[in-house]
Protein chains: 2
Amino acid sequence: MATIKDVARTAGVSTATVSAVMNDTAFVSPELRARVVTAIRELRYEPSLAARNLRRNRSQLIALAVADLSNPFYARIVWSAEAAVAAWGYSLVLFNSDEKPDTERRILSRIRTLGCDGMVLVPVGAANQYQPHEFEGIATVLLGRPIEGNSADTVSIDNRAAGRQAVDYLLDLGHRRIGSVTGPMQLSTSKGRLDGMIDAMAARGLTPQPGHVRSGEFREEAAYSVARDMMGSPDRPTAIYVANGVMAIGVMRAIADLGLRCPQDVSVASTDTVAGAGGLKPRLTRTEHPIADMTNEALRLLVDRIEERVSEPVRNIVFQPALIVGESCAPLRKDIG
Amino acid sequence: MATIKDVARTAGVSTATVSAVMNDTAFVSPELRARVVTAIRELRYEPSLAARNLRRNRSQLIALAVADLSNPFYARIVWSAEAAVAAWGYSLVLFNSDEKPDTERRILSRIRTLGCDGMVLVPVGAANQYQPHEFEGIATVLLGRPIEGNSADTVSIDNRAAGRQAVDYLLDLGHRRIGSVTGPMQLSTSKGRLDGMIDAMAARGLTPQPGHVRSGEFREEAAYSVARDMMGSPDRPTAIYVANGVMAIGVMRAIADLGLRCPQDVSVASTDTVAGAGGLKPRLTRTEHPIADMTNEALRLLVDRIEERVSEPVRNIVFQPALIVGESCAPLRKDIG
DNA sequence: CCCCGATAGCTAATCGTTTCGCTGAACTTT
DNA sequence: AAAGTTCAGCGAAACGATTAGCTATCGGGG
């Protein structure tokens, strides 16, 4: 690989001038500029980011650490993020914490070592598991799950509203015995959605039955077994609110395996389902997140911080979910009410 | 951020010693080692990759450039690749060429500038669109689509076998008027799969009708319109072989929109569908690729090259597809045969 | 008692950029 | 014509690590 010195020598100028031409950082006479440009082309010179970054203390890298790459929801985020990062002139370094706090901790340290200019993090741990120094000195945006007491910018969804919307819909259809399959309670996401459900029921003077609220990991398998258990009992709910897209797939499978039909025997509504899981029949009634918008916003905030165009302390952007009506919910049947 | 000098000063040793401790590259007495380790912990020192890389001419970065991040097939590759890259001690830089050769060209140059140690590329261009220098000096593995005449290692699927398997299955069910919706002909992937189809039909003395073989971009929309057109005509095929997973979704939608039923009115078989698109009803009969195995193998080859444990010129690994029988194919009905 | 070999640890050069501070030619201003 | 300005372009010092080559210490053999 040709270096800046080679270019300088070939063009008969100093390295400073080549640098000036490359970065348009000082006036260079047309003649010298032309010589430099020719030399660059001739030698196929490409500047070494390693050297530039060492000097500038920048890396042009933005890290994205998501909670579970096998989840289409996060795959969708990755897709949007790659586009946004490229549009801002950075490159994307991708990490998968696989919902494991330990892995996440290693990733955080790695991001630091790589000298990433910023990171977008979908945190997987509880608020008290983070040390302040893990976020120091590197621009951070938390996506999807805020961490209480953390001083990073945040882009999230109104989870409580999501739970409320979905369960309100089920209540409007006449359901009263409504169950829920939800994620780990230490995550604000799970908690918020469940709170929304409770809000909605409380507004009509109802409370969920204890055995009808189950939580487990945000995984298809966990949801399957939990749902199978819950739906196997005689006083099973007539409708279920599932707090996560992949979990919904597990729940649907459990229902089918129990010989129940959706929506005839049981209605299912969920939150955060990805449009692409779209082939699923019946199509889910769900609250959807504006993933692309959220991701773009997260990167806007991040780049703002990186390029220091921002002074305010912490910005918290909350998006609203939208209820998408599918075919997975039906009015309560008289005979099973 | 603390630097190696700070650590050296605090521990009362030279930077060389600190480096030796960090990299285990020379014998250091237990006493000094202890002092160094303490200082490192105390200052929370993390070495700067930028500096290390400048010196070592390494970046610890592996680039992955896929053809279309919105396609679950590639999302699956990304998932596997992240895990494999991390397991080998590198970090993953992700790019989406979006099936656009121009974008891909920019990506290649960016990868070079970043100084990535290696790259895994799912190429989107025709063989003659690549300049040899675009691959020079950087370890490369082509994934999925070989480029003829290119000297990079390759991991691919036996596309011809995939086409043959799927179409053989349709033929075994009695179908004779078989159509195909396939991708761009300049891609070896599309061509191979179509050739396989032709092989299978030829083996029974058949050839596809000209109007029954349509190609378009590897996108759902393209497939939708092409299929809609093909299936709208009176002598429409009784079975379709679709060369790609997302295209299959488009085809299924076209069939439904035309008021046809699958598999009763038309059988559909495809190649490369991702298991996760699994909710799709009826479940597709398809040839599947061992994505995780292919990706792992690609990274093994790549790391081999990067760490120069390899001398042979070019390695070409070809995986075999597996036929997965779903519910989207039925025996030929007498009345429409 | 001297010399030599082994080796722990240090000094300093190096990687390829950016950028500060300087030089000196060309122009202005009196 | 002398003095002051301007500014294109250069030289060299960073940035933070690795590493070749050197020094000094120690133990052992003759």
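Scroll up a little and you will see the structure.
Residues numbered from 1 in each chain as written. Chains lettered and ligands numbered in written order. Predicted model: local features only at pLDDT ≥ 70, side-chain atom pairs only at ≥ 80, totals over all residues. Heavy atoms only, no water.

### Section: the protein's contact with DNA strand D
Every one of the 25 residues lining DNA strand D counts as a neighbour, but T17 and S29 of chain A together with I4, S19 and R55 of chain B are closest to it. Each atom of DNA strand D within 4 Å of the protein belongs either to a base or to sugar and phosphate, the latter forming 69%. A distance of 3.4 Å separates a base nitrogen of DNA strand D from a polar backbone atom of A51 of chain B. Residue R52 of chain B places a side-chain N or O atom 2.9 Å away from a phosphate oxygen belonging to DNA strand D. Breaking the surface near DNA strand D down by element, the ones donating at least two residues are α2 (15-23) and α4 (49-56) of chain A together with α2 (15-23) and α4 (49-56) of chain B. When residues of the surface near DNA strand D are assigned to their parent elements, the largest contribution, five residues, is made by α4 of chain B. (Near = heavy atom within 4 Å. Polar contact = N/O pair within 3.5 Å; in protein donor to acceptor, adjacent residues only side chain to side chain. Helix = DSSP H or I, 4+ residues; strand = E, 2+ residues; numbered from the N terminus.)

### So, the protein's contact with DNA strand C
Around DNA strand C, the structure places 24 residues, and the nearest of them are I4, S19, R52 and R55 of chain A together with T17 of chain B. At 3.3 Å, a backbone N or O of S48 of chain A approaches a phosphate oxygen of DNA strand C. A distance of 3.5 Å is found between a base nitrogen of DNA strand C and a backbone nitrogen or oxygen belonging to A51 of chain A. Tallying contributions element by element places α4 of chain A first for the surface near DNA strand C, with four residues. Of the residues in the surface near DNA strand C, the class split is eleven nonpolar, eight polar and five charged. (Nonpolar A, V, L, I, M, F, W, Y, C, P; charged D, E, K, R; others polar.)

### Comments concerning the environment of R193 of chain A
Residue and element names in this part refer to chain A. Tracing the sequence through the fold places R193 in helix α8 (residues 188-202). The spatial distance from the C-alpha of R193 to the C-alpha of T182 is 8.2 Å, given a sequence separation of eleven residues. What R193 contacts, discounting residues up to four positions off in sequence, is I157, N159, R160, G163, Y241, A243, N244, T271, D272 and H289. (Contact = heavy atoms within 4.5 Å.)

### Observations concerning the pattern of salt bridges
Residues and elements named next belong to chain A. A complete count under the given rule lists 51 salt bridges over all chains for this structure. D153 serves as the salt-bridge partner of R305, at 2.9 Å between the closest nitrogen and oxygen. Within this pair, whereas R305 is found in helix α11 (residues 291-306), its partner D153 is found in strand β5 (residues 153-157), the two being separated by 152 residues in sequence. Residue class for R305 comes out partly exposed when judged on its relative accessible area of 21%. (Salt bridge = Lys/Arg side-chain N within 4 Å of Asp/Glu carboxyl O. Buried < 20%, exposed > 50% of the residue type's maximum accessible area, 1.4 Å probe, protein only.)

### Regarding the packing of helix α1 (residues 4-11) of chain A against α2 of chain A
Residue and element names in this part refer to chain A. With their axes 8 Å apart at the nearest point, α1 and α2 run at an angle of 105 degrees to one another. Overall, the two elements α1 and α2 adopt an arrangement that is roughly perpendicular. Between α1 and α2, the contacting residues are I4, K5, V7 and A8 on the first element and T15, V18 and S19 on the second. Within the contact of α1 with α2, the residues separate by chemical class into four nonpolar, two polar and one charged. (Axes fitted to C-alpha atoms, helices over the stretch in contact; angles between N-to-C directions. Parallel < 35°, antiparallel > 145°, perpendicular 65-115°, else oblique.)

### Considering the relation of the copies chain A and chain B
Relative to chain B, chain A is turned by 180 degrees and slid 0.0 Å along the rotation axis, the superposed coordinates differing by an RMSD of 0.1 Å. The relationship between the two copies is best expressed as a two-fold rotation axis. No C-alpha of chain A approaches the rotation axis more nearly than that of V93 of chain A, which lies at 2.2 Å. Both copies contact each other with a shared surface, as 100% of the interface residues of chain A are interface residues in chain B too. (Least-squares fit on C-alpha atoms with pLDDT ≥ 70 in both.)

### Quick word on the sheet that holds strand β3 (residues 118-121) of chain A
With respect to topology, twelve strands assemble into an open sheet ordered β11(A)-β5(A)-β4(A)-β3(A)-β1(A)-β2(A)-β2(B)-β1(B)-β3(B)-β4(B)-β5(B)-β11(B), the strand pairing being mixed. In this open sheet, the two strands that pair with only one neighbour each are β11 (316-319) of chain A together with β11 (316-319) of chain B. In this sheet, adjacent strand axes meet at a mean angle of 20 degrees when their direction is disregarded. The pairing of strand β1 (residues 61-66) of chain A with β3 of chain A spans four bridges and is classified as parallel. When the sheet's bridge partners are listed, A65 of chain A is paired in β3 of chain A with L121 of chain A. (Pairing = 2+ DSSP bridges.)

### Considerations on the packing of aromatic side chains
Summed over all chains, the structure comprises four aromatic pairs over all chains. Geometrically, the ring pair formed by F73 of chain A and Y74 of chain A is edge-to-face, given 5.2 Å between the ring centres and 80 degrees between the ring planes. Pair check on accessibility: F73 of chain A and Y74 of chain A agree, each one buried. The aromatic ring of Y224 of chain B is capped on one face by R253 of chain B, whose charged end is 4.4 Å from the ring centroid. (Phe/Tyr/Trp six-rings, centres within 6.5 Å; stacked < 30°, edge-to-face > 60°. Lys NZ or Arg CZ within 6 Å of the ring centre and 35° of its normal.)

### Looking at unusual backbone geometry
Residue P263 of chain A follows C262 of chain A across a cis peptide bond; omega there is 10 degrees. With respect to the secondary-structure elements, P263 of chain A resides in the loop between α10 (245-257) and β9 (267-271). The phi angle at D24 of chain B is positive, at roughly 55 degrees, despite the residue not being glycine. Note on placement: D24 of chain B falls in the loop between α2 and α3 (30-43).

### Regarding the nonpolar core
The biggest cluster of nonpolar side chains holds 64 residues, and the ones touching the most others in it are L64 of chain A together with L64 of chain B. Not counting residues within four places of it along the chain, the set of residues in contact with L64 of chain B comprises I77, V78, A81, L92, V93, L94, F95 and V120 of chain B. Counting residues in hydrophobic clusters, the runner-up holds 38 residues, among them L49 of chain A together with M119, L121 and L142 of chain B. (Core = buried A, V, L, I, M, F, W, Y, C linked by side-chain atoms within 4.5 Å.)

### Some details on the interface of chain A and chain B
Contact with chain A, which involves 35 residues of that partner, is made by 35 residues of chain B. Carbon and sulfur atoms supply 61% of the area that chain A and chain B bury against each other, a total of about 3000 Å² over both sides. Where chain A meets chain B, there are zero salt bridges. The interface formed by chain A and chain B contains 14 residue pairs in polar contact (both at pLDDT 80 or more). Taken together, the elements giving at least two residues each to the side of chain A that touches chain B come down to α4, α5 (72-87), β2 (91-96) and α6 (101-114) of chain A. (Buried area = accessible area lost by both parts, 1.4 Å probe.)

### Examining the pairing of strand β6 (residues 178-182) of chain A
Residue and element names in this part refer to chain A. Of all five residues in β6, five are buried; the element is thus mostly enclosed. As defined by bridge partners, β6 adjoins strand β8 (residues 239-242) across four bridges and the pair is classed as parallel. Bridging from a neighbouring strand, G179 pairs with I240 of β8. Where β6 lies against strand β7 (residues 213-215), three bridges are found, and the strand directions are parallel. Considered in β7, the bridge of T182 is made with S215.

### Observations concerning the pairing of strand β10 (residues 285-288) of chain B
Every other side chain in a regular strand lies on the same face of the sheet, so the side chains alternate between the two faces. Residue and element names in this part refer to chain B. Because side chains alternate across β10, one face comprises the buried residues T285 and T287, and the other comprises R286 and E288, equally buried. By the bridge criterion, three bridges tie strand β9 (residues 267-271) to β10 in an arrangement that is parallel. Across the sheet, the residue bridging to S270 is R286, located in β10. One ladder, built from three bridges, connects β10 with strand β12 (residues 322-324); its direction is antiparallel. Paired with R286 across the strands is I324, a residue of β12.

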